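Next come the chains, spelled out residue by residue.
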Amino acid sequence: MSSENLPQTPEQQGRKPRVAVVFGGRSSEHAISVVTAGAVLRSIDRSKYEVLPIGITTDGRWALTADEPARMAIADRKLPSVEELADSEDGAVVLSVDPANREVVYTEPGAVPKALGEVDVVFPMLHGPYGEDGTLQGLLELSGIPYVGSGVLASAVGQDKEYMKRVFTSFGLPVGPYVTIRPREWDADRDAATARILDFAGEHGWPLFIKPARAGSSIGITKVDDVSGLDAAVREAQRHDPKIIVEALLRGREIECGVLEFEDGPRASVPAEIPPVSSHDFYDFEAKYIDSASGLVPAPLTPEQTAEVQRLAIEAFDAASCEGLVRADFFLTEDGTFVINEINTMPGFTPISMYPRMWQESGVEYPELVDRLIQAALSRSTGLR
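Since the structure is predicted, the reported quantities are computational estimates derived from the model, not experimental observations.

## With respect to unusual backbone geometry
Put simply, W206 and P207 share a cis peptide bond, and its omega is 0°. Inspection of the secondary structure puts P207 in the loop between helix 7 (190-204) and strand 9 (208-212). For the bond running from V297 to P298, omega is 0°, close enough to zero to count as cis. Here P298 is to be found in the loop between helix 9 (285-290) and helix 10 (303-319).

Written out as structure tokens, the structure reads:
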């Protein structure tokens, strides 16, 4: 593309950069994405940026939504949705895939399409498949629109727990025991697949955690104490992803650490600890988002332990070729070693989310965190980099 065909910068056009906050989506984490986007919309500096909220419904329609963060919170244990926020039941937002044209268009049946102006950067607040897993990132690469967070490969690796662990292992990062059951394997010979899980349990002991391989927010996870609960746990995980991952119990403390990309490279936050929740068997969806289980920030670790988990978090960030931000989750085992459980390339930004809390304790307040991520995205090009 010649330089004369490149889109003009907002400054060249005499306007503020326009940020499209994209949220919702088709995954099981739809509601949490809405809550996260509400928190971001409340914190974006409107004197510095123009904002265009775009919600993706559960069936995949891109909808123009009201810029009303107050309607995007969990209220009386009720989860919000894009369908409730959409301006129209059938209007759709269309993004150009021409890198020379960042114009966003709004269409309704029987009406003339309406231009909404150019988008300079996308803040994709999507969690789970069809958004956090590299699919949206690929669309934005085709469109030539900069976006917050990791690119296609890192997003895909960060979403798939099996390949995430494979990448970490290849870089020498410590991971816990696991076994993957693919849908073809389960469908072709369920008894053989079950036998593999039982062999794994025989080697590593009960309980086991049965998880969707490509989901987050602790959705679809079941702690299984013996073989009697196995079939139901597999069915629950497969409601969210046909590929499942089975993990052994790691006894120890749950430690999290945030990574944020600064001008001189990625830095790690102070770590946090997720203490056991007496009313929940483990740190599941309800404990995270409904019952507001709180973590300890900073985690009560020794200086040496803090330095070690920060080092490992940055190594995980680099191993997966991440950009922008990551939350890295670890177990501090009973023998004093850290084992990485997973990374999240678009961690939650809800008011109780650990990622912003860790950075606040590290000296980066929420509005500055949001601004840093937008500025970093604006400074990066799309394409190979």
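Once you've had a look at it, read on.
## Concerning the nonpolar core
One broad trend across soluble globular proteins is that nonpolar side chains are buried collectively. Counting residues in hydrophobic clusters, the biggest one holds 34 residues, and the most contacted among them are V21, F23, I44, F123, M125 and F349. Only strand 1 (18-24), helix 1 (30-43), helix 2 (82-85), strand 7 (121-124), strand 12 (252-262), helix 11 (354-361) and helix 12 (366-379) provide two or more residues apiece to this core. The biggest single contributor to this core is helix 12, with six residues. Every residue in contact with I44, bar those within four places of it in the chain, is listed here: V19, V21, Y49, V51, V370 and I374. By size, the runner-up hydrophobic cluster in this structure holds 26 residues, among which are A154, V167, F168 and A313.

## What about helix 8 (residues 230-238)?
Taken together, the buried positions of helix 8 are occupied by L230, A233, V234 and A237. Mapping the buried residues of helix 8 onto a view down its axis gives an arc of 100°, with all of them on the same face.

## Examining the packing of aromatic side chains
Scanning all chains against the criterion turns up five aromatic pairs. An angle of 80° between the planes, with centres 6.2 Å apart, marks the rings of F330 and F338 as edge-to-face. F338 carries the same exposure label as F330, and that label is buried. With a centroid separation of 5.8 Å and 50° between ring planes, the pair formed by F349 and Y355 is classed as tilted. Here the aromatic residues F123, F349, Y355 and Y366 are joined through ring pairs into a cluster of three or more. Between the NZ or CZ atom of R26 and the centre of the ring of Y130, over which it lies, the distance is 3.9 Å.

## Remarks on the state of the cysteines
Taken as a whole, this structure holds zero disulfides when the rule is applied. Among the cysteines around C257, which has no disulfide bond, C322 carries the closest sulfur, lying 13 Å off. When its relative accessible area of 7% is taken as the criterion, C322 is described as buried.

## Digging into the pattern of salt bridges
As enumerated under the stated definition, the model contains 29 salt bridges in all. Among the salt bridges present, the one from E247 reaches K211, with a minimum N-O distance of 2.6 Å. Linking E247 in strand 11 (residues 244-248) with K211 in strand 9, this pair joins segments that are 36 residues apart in sequence. The class for E247 is buried, based on a relative accessible area of 6%. Between R327 and E256 there is a salt bridge; the shortest N-O distance is 3.6 Å. Linking R327 in strand 15 (residues 325-333) with E256 in strand 12, this pair joins segments that are 71 residues apart in sequence. Taken together, the shared-partner salt bridges connect E141, E261, E323, R380 and R385 into one network.

## Side note on the sheet that holds strand 10 (residues 222-224)
Through backbone hydrogen bonds, the strands of a sheet pair up, either in parallel or in antiparallel fashion. Strand order in the open sheet made by the four strands is 8-11-9-10, with antiparallel pairing throughout. Strands at the two margins of the open sheet, each flanked by one partner only, are strand 8 (178-181) and strand 10. This sheet shows a mean twist of 25° between the axes of neighbouring strands, independent of strand direction. Note: strand 9 against strand 10, three bridges, orientation antiparallel. Residue pairing in the sheet places L208 in a bridge with V224 of strand 10.

## Quick look at the environment of F200
Summarising the element assignment, F200 is placed in helix 7. Residue F200 is classed as buried on the basis of its relative accessible area of 7%. When neighbours within four sequence positions are excluded, F200 is seen to be in contact with P177, Y178, V179, G205, L208, V246, E247 and A248.

## Focus on the confidence of the model for the protein chain
Predicted coordinates in areas of low pLDDT are best not read in detail. Of all residues in the protein chain, 92% have pLDDT values of 70 or greater, and the mean over the chain is 91. Overall, residues 1-6 carries pLDDT values under 50, and its contacts beyond four positions in sequence, including any with other chains, amount to four contacts.

## Focus: the packing of helix 1 against helix 12
Between helix 1 and helix 12, whose axes approach to 9 Å, the crossing angle comes to 95°. The orientation of helix 1 relative to helix 12 falls into the category roughly perpendicular. Taking contact as the criterion, the partners of A39, V40 and S43 in helix 1 are, on helix 12, Y366, P367 and V370. Taken together, the residues of the contact of helix 1 with helix 12 break down into five nonpolar, one polar and no charged.

About the thresholds
Residues numbered from 1 in each chain as written. Predicted model: local features only at pLDDT ≥ 70, side-chain atom pairs only at ≥ 80, totals over all residues. Heavy atoms only, no water. Helix = DSSP H or I, 4+ residues; strand = E, 2+ residues; numbered from the N terminus. Core = buried A, V, L, I, M, F, W, Y, C linked by side-chain atoms within 4.5 Å. Buried < 20%, exposed > 50% of the residue type's maximum accessible area, 1.4 Å probe, protein only. Contact = heavy atoms within 4.5 Å. Arc of directions from axis to C-beta. Phe/Tyr/Trp six-rings, centres within 6.5 Å; stacked < 30°, edge-to-face > 60°. Lys NZ or Arg CZ within 6 Å of the ring centre and 35° of its normal. Disulfide = S-S within 2.5 Å. Salt bridge = Lys/Arg side-chain N within 4 Å of Asp/Glu carboxyl O. Pairing = 2+ DSSP bridges. Axes fitted to C-alpha atoms, helices over the stretch in contact; angles between N-to-C directions. pLDDT = per-residue confidence, 0-100. Parallel < 35°, antiparallel > 145°, perpendicular 65-115°, else oblique. Nonpolar A, V, L, I, M, F, W, Y, C, P; charged D, E, K, R; others polar.

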